[in-house]
Amino acid sequence: MPKTTPPRTYRIKSFGCQMNVYDGERMAELLGAQGIAPAPDGEEADLVVLNTCHIREKAAEKVYSDIGRIVKDARREGGAAPLIAVAGCVAQAEGEEIMARAPSVSMVVGPQAYHRLPEMLARAVDGDRVTDTDMPAETKFDALPPRGSGRRKVGPTAFLTVQEGCDKFCTYCVVPYTRGAEVSRPITDLIAEAARLIDAGAREITLLGQNVNAWTGKDGRGRALGLDGLVRELAAMPGLARIRYTTSHPADMTQALIAAHGEVDKLMPFLHLPVQSGSDRVLSAMNRSHTADSYLRILERVRAARPDIALSGDFIVGFPGETDAEFDETLRLVDAVGYAQCFSFKYSARPGTPAAQMDGQIAPEVMDERLARLQQAINRDQLAFNEASLGKTCEVLVEREGRHQGQMLGKSPWLQSVHFSGEAQIGEMVRVELAEAGPNSIGARLLEKVAA
Ligand code: SAH
Ligand code: SF4
Ligand code: F3S
């Protein structure tokens, strides 16, 4: 590739899960520390980072169409194409293929190597094409500039990655290969990062991990802590109003964490606990280490600890070999739980995963039909959950302005999107009465501001 001048502006596009959003923010800080600024809205950036997701086929294919579009746009504008870096899980899984298939890409950087982006960039400016998909022993967290550097403010809600990677090896899933083994960040680093986020304006922190409830650490006296211990430490921080965590695995849903839901006020009454299927045969073929029944029993204990908890889950329809009767078991499980919200996906065969080699791959039309039925059930329950909350008063953390004049948006404790009109600033906590339910949001009446 020809030599270029060092980039002055960047744009980062993150796809996939919240961990990628977090990684995108850290890369932004890293580039900011190099004197590279975010490109103003509507302007071409000198450096584009595509922070990619490999979880389903469509997500991975998007990368190539995005690269094509970036190059085409630059040509149409008559300018030089920007430097393109592919980061995230597709970079990790298909680094070499990207380099071969997309000659306009000059950097490929995996999710555990992006702290080395500045060195890569220097080489790319010199005309090299560089790939770094190592999973080095020294973690990126130790090498990155301190959180919040290069930026003065964060929004009222912030993400904090506390755990990464996965040792569960569900047979359909690429994450253990793209993110590596389970690693927990030390509690002192997490408290320090949380303090910086709070100083910069965060009032709600969502703890992130591929298996966030597998987080382990030690307290000041060297005693072992689980995620519940971390939640309690964070809850003691003044200025922080709300704590959430995602995504958890049923196998790591300890009684101590369940108990924390009943005891820690700042821990919001919401639990995202993916189950994937209601059929024990399918769950076993998925290597999920729980049954439909053991999952339901966990939820019973969670509801005993925190009766108003809102539940959320993930489902895959059309896993290889899934029969109509097995799919019906999934619908029955949904009926039994009454979720507040859910994510549901058509099974996507991923290269290198055991399920991709299994017999009985399901026809796309069958998957479409099952997904439609499942989503109908989920939407019904979501609306029912929202309708059941009408008349309740609750706190809402104001996150942004709405589309209509004077309208403000935020989240209820149960993670419902709430809109209301009235005098309120972004970052304020207000008390509202929930008044009007839609399938995806709730209209509310502003009652009063809650003192910080
Ligand atoms: N670690 C989390 C979530 C990982 S990915 C967990 O175990 O729950 C998020 C969701 O994507 C999964 O819960 C699953 O429902 C879905 N998913 C993962 N691999 C998939 C595949 N190959 N096809 C379709 N959906 C998939
Ligand atoms: Fe993937 Fe399963 Fe790990 Fe979740 S627990 S990231 S679905 S392998
Ligand atoms: Fe996608 Fe990687 Fe997250 S595959 S879902 S971006 S961990």
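Check the entry above for the structure.
Residues numbered from 1 in each chain as written. Chains lettered and ligands numbered in written order. Predicted model: local features only at pLDDT ≥ 70, side-chain atom pairs only at ≥ 80, totals over all residues. Heavy atoms only, no water.

Caption draft 1: Local environment of the site of ligand 3. Around ligand 3, a shell composed of Cys17, Asn20, Thr52, Cys53, His54, Ile55, Cys89, Arg179 and Gln210 is seen. Taken together, the residues that form the shell around ligand 3 break down as four nonpolar, four polar and one charged. (Near = heavy atom within 4 Å. Nonpolar A, V, L, I, M, F, W, Y, C, P; charged D, E, K, R; others polar.)

Caption draft 2: The nonpolar core, seen in detail. One finds Leu160, Leu207, Leu227, Leu230, Tyr245 and Tyr339 to be the most contacted residues of the largest nonpolar core, which totals 59 residues. If we ignore the near neighbours within four places in the chain, the residues touching leucine 160 are Tyr22, Arg185, Leu190, Glu193, Ala194, Leu197, Ile205, Thr206, Leu207 and Leu208. One finds Met27, Val49, Leu83 and Tyr114 within the second-largest nonpolar core, a separate group that totals 22 residues. (Core = buried A, V, L, I, M, F, W, Y, C linked by side-chain atoms within 4.5 Å. Buried < 20%, exposed > 50% of the residue type's maximum accessible area, 1.4 Å probe, protein only. Contact = heavy atoms within 4.5 Å.)

Caption draft 3: Expanded view of the site of ligand 1. Taken together, 15 residues lie near ligand 1, and Gln210, Pro274, Gln276, Asp314 and Ser348 sit nearest. In this structure, arginine 56 approaches ligand 1 through a side-chain N or O atom, which is 3.2 Å from an oxygen atom. Take serine 348: an N or O atom from its main chain is 2.8 Å from a nitrogen atom of ligand 1. A per-class count over the shell around ligand 1 returns six nonpolar, four polar and five charged. (Polar contact = N/O pair within 3.5 Å; in protein donor to acceptor, adjacent residues only side chain to side chain.)

Caption draft 4: Structural view of the side chain of threonine 246. Mapped onto the elements, threonine 246 comes out in strand β13 (residues 242-246). Relative accessible area serves as the criterion here: at 11%, threonine 246 is assigned to the buried category. If sequence neighbours within four positions are ignored, threonine 246 has contacts with Gln18, Thr206, Leu207, Leu208, Gly209, Val212 and His272. (Helix = DSSP H or I, 4+ residues; strand = E, 2+ residues; numbered from the N terminus.)

Caption draft 5: Looking closely at helix α7 (residues 187-199). Relative to the 18 Å expected for 13 residues at 1.5 Å per residue, α7 spans 18 Å between its end C-alpha atoms, a close match to the ideal helical length. Looking at α7, one finds that the buried residues are Ile187, Leu190, Glu193, Ala194, Leu197 and Ile198. In an axial view of α7, the angular spread of the buried residues amounts to 140 degrees, which keeps them on one side of the axis. The outward face of α7, more than 90 degrees from its buried face, is lined by the exposed residues Thr188 and Asp199. Elements in contact with the buried residues of α7: α1 (18-33), β7 (157-161), β10 (204-208), β11 (216-218), β12 (224-226) and α8 (227-235). (Expected span 1.5 Å × (residues − 1). Arc of directions from axis to C-beta.)

Caption draft 6: Representation of the sheet that holds strand β15 (residues 310-317) within the structure. The strand order β14-β15-β16 describes an open sheet built from three strands, whose pairing is parallel. Strand pairing shows two members of the sheet lacking a second neighbour, β14 (270-272) and β16 (341-346), which therefore form its edges. Here the strands of the sheet are splayed against their neighbours by 10 degrees on average, with no regard to which way each runs. Pairing of β14 with β15 involves three bridges; the strand directions are parallel. Of the residues in β15, the one forming a bridge with leucine 271 is leucine 311. (Pairing = 2+ DSSP bridges. Axes fitted to C-alpha atoms, helices over the stretch in contact; angles between N-to-C directions.)

Caption draft 7: Representation of the pattern of salt bridges within the structure. Per the counting criterion, the structure on display carries 42 salt bridges. Across the pair glutamate 322 and arginine 370 runs a salt bridge, and its minimum N-O distance is 2.9 Å. Residue glutamate 322 is located in the loop between β15 and α12 (324-337), and its partner arginine 370 is located in helix α13 (residues 364-388); the two are separated by 48 residues in the primary sequence. Considered together, glutamate 322 and arginine 370 belong to a single accessibility category, that of buried residues. As a salt-bridge pair, aspartate 335 and arginine 380 come within 2.7 Å of each other at their nearest N and O atoms. A residue pair is termed long-range when its members are at least 10 positions apart, and aspartate 335 in helix α12 and arginine 380 in helix α13 qualify at 45 residues. Ionic contacts of the salt-bridge type, sharing partners, join the residues Glu25, Arg26, Glu29, Arg147, Arg185 and Glu193 into one network. (Salt bridge = Lys/Arg side-chain N within 4 Å of Asp/Glu carboxyl O.)

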